[in-house]
Amino acid sequence: MFNHPCFSCYLCERDHCLHHHRYHAFEGQNQIPFYKNHRVIDIDTLQLQEAFSRVSLTPHNNNPDFSGQRSTFDEEEEGYEYKYPFVSPNPSSYLVPPSMQHSNTVPMNESLMINANNSRRNVHRNFNGTRSPQSYWSQRPCSSVNYLRGKILDLAKTQCGCRVLQDTMKGLTSKEEVFVFFQELVDHNVIELMGHSFGNYVFQKLVEICSEEQITTIVFNATKNVLKFVNLCLDIHGTRSVQKLLEHVTNQEQRLCIMSALTPSVVALSTNTNGLHVVDHCVKHFSSEDTKYMLNIVATNCFKIATDKSGCCVIQQFVDHAPGESKDLLMAGIILNAPLLAENCYGNYVVQHLVSLKIARVTKSLMKQLEGKFVSMSCNKYGSNVVEKFFQDSGESHSRSIILELLHYPNVSMLLVDPYANFVISSAVIVSKGGTQEELLKVIKQHSPMMRSNHYGKKLLGRLRKFLCHV
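None of the values given here were measured: they were computed from a predicted structure. (Residues numbered from 1 in each chain as written. Predicted model: local features only at pLDDT ≥ 70, side-chain atom pairs only at ≥ 80, totals over all residues. Heavy atoms only, no water.)

1. A few points about the overall build of the protein
Secondary structure summary: the protein contains 31 helices and six strands in total. Within the protein, buried positions represent 47% of all 471 residues. Contacts in the protein between residues at least 24 apart in sequence constitute 65% of all its contacts with a sequence separation of at least 6. Summed over its atoms, the accessible surface of the protein is roughly 24,700 Å², and 50% of this surface lies on carbon and sulfur atoms. (Helix = DSSP H or I, 4+ residues; strand = E, 2+ residues; numbered from the N terminus. Buried < 20%, exposed > 50% of the residue type's maximum accessible area, 1.4 Å probe, protein only. Contact = heavy atoms within 4.5 Å. Areas by Shrake-Rupley, 256 points an atom, 1.4 Å probe, with all protein chains shown as cover.)

2. Brief notes about the confidence of the model for the protein
With 69% of its residues at a pLDDT of 70 or more, the protein has an overall mean of 78. Counting contacts from residues 56–143, a segment whose pLDDT is below 50, to residues more than four positions away or on other chains yields 138 contacts. (pLDDT = per-residue confidence, 0-100.)

3. Brief notes about the packing of aromatic side chains
Under the counting rule described, the total for this entry stands at two aromatic pairs. Ring plane angle 35° and centroid distance 6.4 Å describe the contact between phenylalanine 179 and phenylalanine 182, whose orientation is recorded as tilted. Separated by three residues within a single helix, phenylalanine 179 and phenylalanine 182 lie in helix H7 (residues 175–186), roughly one turn from each other. Judged by relative accessible area, which is 41%, phenylalanine 179 ranks as partly exposed. A residue is classified by how much of its surface remains accessible, and phenylalanine 182, at 6% relative accessible area, is buried. Just above the ring of tyrosine 147 sits the side chain of lysine 151; from NZ or CZ to the centre is 5.0 Å. (Phe/Tyr/Trp six-rings, centres within 6.5 Å; stacked < 30°, edge-to-face > 60°. Lys NZ or Arg CZ within 6 Å of the ring centre and 35° of its normal.)

4. Some points on the packing of helix H27 (residues 421–431) against helix H28 (residues 434–446)
In contact at an axis separation of 9 Å, H27 and H28 are set at 140° when each is read in the N-to-C sense. One finds that H27 runs oblique with respect to H28. H28 is crossed by H27, and the crossing has left-handed handedness. Across from Ile425, Ala428 and Val429 in H27, the residues of H28 making contact are Gln437, Leu440, Leu441 and Ile444. Residues of the contact of H27 with H28, tallied by class, amount to six nonpolar, one polar and no charged. (Axes fitted to C-alpha atoms, helices over the stretch in contact; angles between N-to-C directions. Parallel < 35°, antiparallel > 145°, perpendicular 65-115°, else oblique. Left-handed = near helix turned anticlockwise from the far one by under 90°. Nonpolar A, V, L, I, M, F, W, Y, C, P; charged D, E, K, R; others polar.)

5. Looking at the pattern of salt bridges
Counted according to the given criterion, the structure contains 11 salt bridges. For glutamate 247, the salt bridge goes to lysine 244, with nearest N and O atoms at 3.7 Å. Of this pair, glutamate 247 and lysine 244 both sit in helix H12 (residues 238–247), three residues apart, which is roughly one turn of that helix. What makes glutamate 247 partly exposed here is its relative accessible area of 49%. A salt bridge links aspartate 290 to arginine 255, with the nearest nitrogen and oxygen atoms 3.3 Å apart. Within this pair, whereas aspartate 290 is found in helix H16 (residues 288–300), its partner arginine 255 is found in helix H13 (residues 252–262), the two being separated by 35 residues in sequence. Comparing aspartate 290 with arginine 255, the two get one shared label, buried. (Salt bridge = Lys/Arg side-chain N within 4 Å of Asp/Glu carboxyl O.)

Now the structure itself:
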């Protein structure tokens, strides 16, 4: 077997070998490829009929009107399968049209029947040759809502069907048409639709066209089972549906249902990459009265949330948008856990965020809570960032207190060559002024011989060269 270099199939565009037995039907053509001495020539069907005129022929599929050409009616619409079989591997019968097959030829294997339209029209088909629902709905005009009646839920769960439904909903003009979609989608298992990989897009489009009363019904049905609703928020598809629903919540009754379902599970939601967006939306767009109980739970569990990759982002949003007493309670919980949070890979961002707010009483409380711990924090990969943040945003008096604590450390030379503390010393020199800066530079110059033999010490001397020149 070998591939002929000059011939490739018109349909599948693959090189054909000498023993390639598959026959392709071509629309509007009376020519078929024929092999002869390893060459391909075109022979008219009428010539083949004349050549086989002496052979007893049996019409294909017992249909005397079948001539090997496509019928004029739409086969797919009528459930008609247009198939051509593999022919006998006898070279004398290569690519003979099905209508000219002899009744005594080798029996055909129905499982090997192929559909000539598949590659021609790129139609999705099942293994039995019938057209799949996706292909059917993608090519059939579906603008009529009455035509879709009874099929909407099934279509919403298919790739092509969900696109057809979204396009159809864009053109809905009457409340009656919207109600048809609402009734079929919401009266069934709306939770399943919201979490479906394709159905969630249909749900999001539905929410955009529903009235306030219909949104209330959706909220009631979705929050009826609290556990399922929370799991929906944690799902990659479900969280999009819930967020879209929250965007169209308009009255207190709807907000009360949603918050009563979400509040008990706020910790699980805040520490999940999908659930955090739902909680974040509630904090930003709902009133302080609606989120009061949720924020109280967050404040009680602030350490667990703040030390989580997702939770550290959520708790910063809580601090920014929480009102009055809820905000004070939340900040008090963070300050209480500040020594542990400052040296945590995620918690340090929460402490830095409090410092960046530049609220005097909060900064003072943090300084008091972290007093005596700035040396150990300076030698920590994450804590050193918190110390530098204090230098930037806490003010001159607080910065001076931290620098004096570092200078009074008995083994201050260790800080000059520490992988992390050397950056803290560098920031301290830059932000300090007057006598505090001079004292720092003297300590550095005193230990400069030792620093030159250390990688981090040399880096520190290089960064502070312009300051050391004036000492």
